[in-house]
Amino acid sequence: LVTICDTLMVTVASRAKFQHLLLYFFATILAIIFHAYGDDMWIEERTLVVYRLAFGLFLFFAVLGVFAVWIETPWLIRTPLYIAAIIIPFFFPDGSIEGFAHFCAVAGAVFLVIQLLVLISFAYEANEFFLGAMGLDNPSGQEQPQWKCLYIFCCVGGVGLSLAGIGLLYENYTCDLASAFISITLVVCVLLTCLSASAVTNKGLLTPTLVFLYSVYLCWQSLASEPHAECRPESNGDTASVVLGLMITAVSLSLSCVRTSDNAPSALDNHGKDDQLSAVLSGENPAPAPAAASSTSSSAGQELYQPILSWHFYAVMCLGSCYMGVLVTSWATDANDEGSDSSANMWVKIVSQWVTLVVYGWTLVAPIACPGRDFS
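About the cut-offs
Residues numbered from 1 in each chain as written. Predicted model: local features only at pLDDT ≥ 70, side-chain atom pairs only at ≥ 80, totals over all residues. Heavy atoms only, no water. Helix = DSSP H or I, 4+ residues; strand = E, 2+ residues; numbered from the N terminus. Buried < 20%, exposed > 50% of the residue type's maximum accessible area, 1.4 Å probe, protein only. Contact = heavy atoms within 4.5 Å. Areas by Shrake-Rupley, 256 points an atom, 1.4 Å probe, with all protein chains shown as cover. Polar contact = N/O pair within 3.5 Å; in protein donor to acceptor, adjacent residues only side chain to side chain. Patch = residues over 30% accessible without salt bridge, like charges linked within 9 Å, V, L, I, M, F, W, Y side chains within 5 Å. Salt bridge = Lys/Arg side-chain N within 4 Å of Asp/Glu carboxyl O. Phe/Tyr/Trp six-rings, centres within 6.5 Å; stacked < 30°, edge-to-face > 60°. pLDDT = per-residue confidence, 0-100. Expected span 1.5 Å × (residues − 1). Axes fitted to C-alpha atoms, helices over the stretch in contact; angles between N-to-C directions. Parallel < 35°, antiparallel > 145°, perpendicular 65-115°, else oblique. Arc of directions from axis to C-beta. Left-handed = near helix turned anticlockwise from the far one by under 90°. Nonpolar A, V, L, I, M, F, W, Y, C, P; charged D, E, K, R; others polar.

Focus on the overall build of the protein chain
Now for step 1: Along the protein chain, the regular secondary structure elements total 13 helices and 0 strands.
Now for step 2: From first element to last, N terminus to C terminus, the protein chain shows the α and β order α-α-α-α-α-α-α-α-α-α-α-α-α.
Now for step 3: By the burial criterion, 39% of the 376 residues in the protein chain qualify as buried.
Now for step 4: Pairs at least 24 apart in sequence give 79% of the contacts found in the protein chain among residues at least 6 apart.
Now for step 5: Surface summary for the protein chain: the accessible area is close to 20,000 Å², and the carbon and sulfur share equals 68%.

Re the side chain of Thr-207
Now for step 1: With respect to the helices and strands, Thr-207 occurs in helix H7 (residues 206–224).
Now for step 2: Of the polar contacts made by the side chain of Thr-207, one reaches the backbone oxygen of Ala-123; its length is 3.2 Å.
Now for step 3: In this view, Thr-207 contacts Ala-123, Tyr-124, Asn-127 and Tyr-360; residues no more than four positions away in its chain are not counted.

Things to note about a nonpolar patch on the surface
Now for step 1: Taken together, Val-66, Phe-67, Val-69, Trp-70, Ile-71 and Trp-311 make up a surface patch of nonpolar side chains, about 640 Å² in accessible area.
Now for step 2: With respect to the helices and strands, the residue Trp-70 is situated in the loop between helix H2 (46–68) and helix H3 (75–87).

Thoughts on the packing of aromatic side chains
Now for step 1: Under the definition given, this model contains 19 aromatic pairs.
Now for step 2: Here Phe-60 and Tyr-82 contribute two aromatic rings whose centre-to-centre distance is 5.2 Å and whose plane-to-plane angle is 80 degrees, an arrangement assigned as edge-to-face. Taken together, the positions of Phe-60 in helix H2 and Tyr-82 in helix H3 put the pair 22 residues apart, joining distant regions of the chain. Each member of the pair Phe-60 and Tyr-82 is classed as buried.
Now for step 3: Relative to Trp-147, the ring of Phe-129 has its centre 5.6 Å away and its plane inclined at 85 degrees; by these criteria the two rings are edge-to-face.

Considering the confidence of the model for the protein chain
Now for step 1: Overall, the predicted model of the protein chain reaches an average pLDDT of 75, with 69% of residues at or above 70.
Now for step 2: Counted against residues more than four places away or in other chains, residues 236–242, with its pLDDT under 50, gives 4 contacts.
Now for step 3: Taken together, the stretch residues 265–305 has pLDDT below 50 and engages in 25 contacts with residues farther than four places along the chain or on a different chain.

Overview of helix H4 (residues 94–134)
Structurally, the α-helix is built with 3.6 residues per turn, so residues lying three or four positions apart point the same way.
Now for step 1: For H4, with 41 residues, the first-to-last C-alpha span of 57 Å sits near the 60 Å given by 1.5 Å per residue.
Now for step 2: The first or second residue beyond H4 is Gly-135, which carries a positive phi of 80 degrees.

Quick notes on the packing of helix H6 (residues 176–197) against H7
Two measures define how a pair of helices packs: the angle their axes make with one another and the distance between the axes.
Now for step 1: In contact at an axis separation of 10 Å, H6 and H7 are set at 175 degrees when each is read in the N-to-C sense. With respect to H7, the element H6 is oriented roughly antiparallel. Residues Ala-178, Phe-181, Ile-182, Thr-185, Leu-186, Cys-189, Leu-192, Thr-193 and Ser-196 of H6 form the contact with H7, whose participating residues are Pro-208, Phe-212, Ser-215, Val-216, Cys-219, Ser-222 and Leu-223.

Notes on unusual backbone geometry
Now for step 1: Of note in the backbone geometry, Asn-202 takes a positive phi value of approximately 55 degrees without being a glycine.
Now for step 2: Tracing the backbone shows Asn-202 in the loop between H6 and H7.
Now for step 3: Judged by its relative accessible area of 62%, Asn-202 is exposed.

Remarks on the pattern of salt bridges
Now for step 1: Under the defined criterion, the tally for this structure stands at 1 salt bridge.
Now for step 2: With a closest N to O distance of 2.5 Å, Arg-52 and Asp-94 form a salt bridge. Of the two residues, Arg-52 sits in helix H2 while Asp-94 sits in helix H4, which places them 42 residues apart along the sequence.
Now for step 3: Looking at Asp-94, the relative accessible area reads 32%, which means it is partly exposed.

Structural notes on the environment of Phe-122
Now for step 1: With respect to the helices and strands, Phe-122 occurs in helix H4.
Now for step 2: For Phe-122, a relative accessible area of 42% translates into the label partly exposed.
Now for step 3: In this structure the C-alpha to C-alpha distance between Phe-122 and Leu-210, which are 88 residues apart in sequence, comes to 9.3 Å.

A short note on H3
Now for step 1: The end-to-end C-alpha distance of H3 is 18 Å, a good match for the 18 Å that 13 residues give at a rise of 1.5 Å each.
Now for step 2: For H3, every residue scored as buried is listed here: Arg-78, Tyr-82, Ala-85 and Ile-86. The arc that holds the buried residues of H3, viewed along the axis, is 90 degrees, so those residues lie on one side.

Let's talk about the packing of helix H5 (residues 145–172) against H6
Now for step 1: Where H5 contacts H6, the axes come no closer than 10 Å and their chain directions differ by 165 degrees. For the element pair H5 / H6, the angle class is roughly antiparallel. Considering only the axes of H5 and H6, their crossing is left-handed. Contacts from Leu-163, Ile-166, Leu-169 and Tyr-170 of H5 reach H6 at Ser-179, Ile-182, Ser-183, Thr-185 and Leu-186.
Now for step 2: Here the contact of H5 with H6 is composed, by residue class, of 6 nonpolar, 3 polar and no charged.

A closer look at the side chain of Arg-46
Now for step 1: Looking at the secondary structure, you find Arg-46 in helix H2.
Now for step 2: A polar contact of 2.8 Å, which involves the side chain of Arg-46, links it to the backbone oxygen of His-35.

Re the environment of Leu-23
Now for step 1: Looking at the element boundaries, Leu-23 is found in helix H1 (residues 2–37).
Now for step 2: Given the relative accessible area of 16%, Leu-23 is considered buried.
Now for step 3: In this structure, Leu-23 is in contact with Leu-57, Phe-60, Trp-75 and Tyr-82, ignoring residues within four places of it in sequence.

Spelled out as structure tokens, the structure:
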């Protein structure tokens, strides 16, 4: 019975996360469309329009996070709350929205760091999944050659795509600073890949391959924000590619928010499990099943509205709302700053890549540098 209840809780929580994902996805699509095609829609101050939408998302998740401490808010209330939260910021003065934009710059940086940690965690989980599917993590298990072929294909394909991307970056971005960024990306990623595949660490090839791909992507994003037009190629004006890019960006932003909240510490622990864990750690005995059954009639109403998602989830979603604002506006913080091609935007992206490589490198050398600690 306990197993069935836990399974149902996971199912309900997953459905709730997906519903919040749709709300975040919808607001992100609106923000990207308004920012990209605001001139055709007679929208002035497109940057502030994006931050008004981000502020609405922030308010929505903040209110739900406050209520999540005590009670689960039904969707009959959440739906009008979401609509009101999206509309109300459009009546705020420009000065307050610009102040929120500066707050978003800080909160977005915090979310970016969390997202980088999530990426590395996902890369390790993917590698462990393949090892388990191949049967290599179980000495008595039987190896699965089809999974081994798929593993090799992913590693070789990922490295090939990364090297192809490096070649395209060298071809299209010819300034000295761009060449330095590309060379640092190539050298560090190759060293980390060799270190991960060596017998010293024995961490496999898939994890560094995914980190290599993401690093090349961040390097490209950084160089695309180069403020000097002569150092980067002219952008393609194909409308279809622009629309496709908007959709991909919206989806990646939405999924990264939910993925980050999944891996945040204690993000999705429900209150029932928290109570049981606290009782065990404190030496108390959890309430037995018969006693719980006898009190079902008196507490059914309260259990019905217990929070499905904890406030940690909504806190991360608030940070993700701020990150959506700065990412869509390219870290612009006022109405007159379009921010798409700026030194600040370029350095934010390349520094985030360096942080990714440093953190990943530390996960490789930490077990060797600190043998007395458990990093499993």
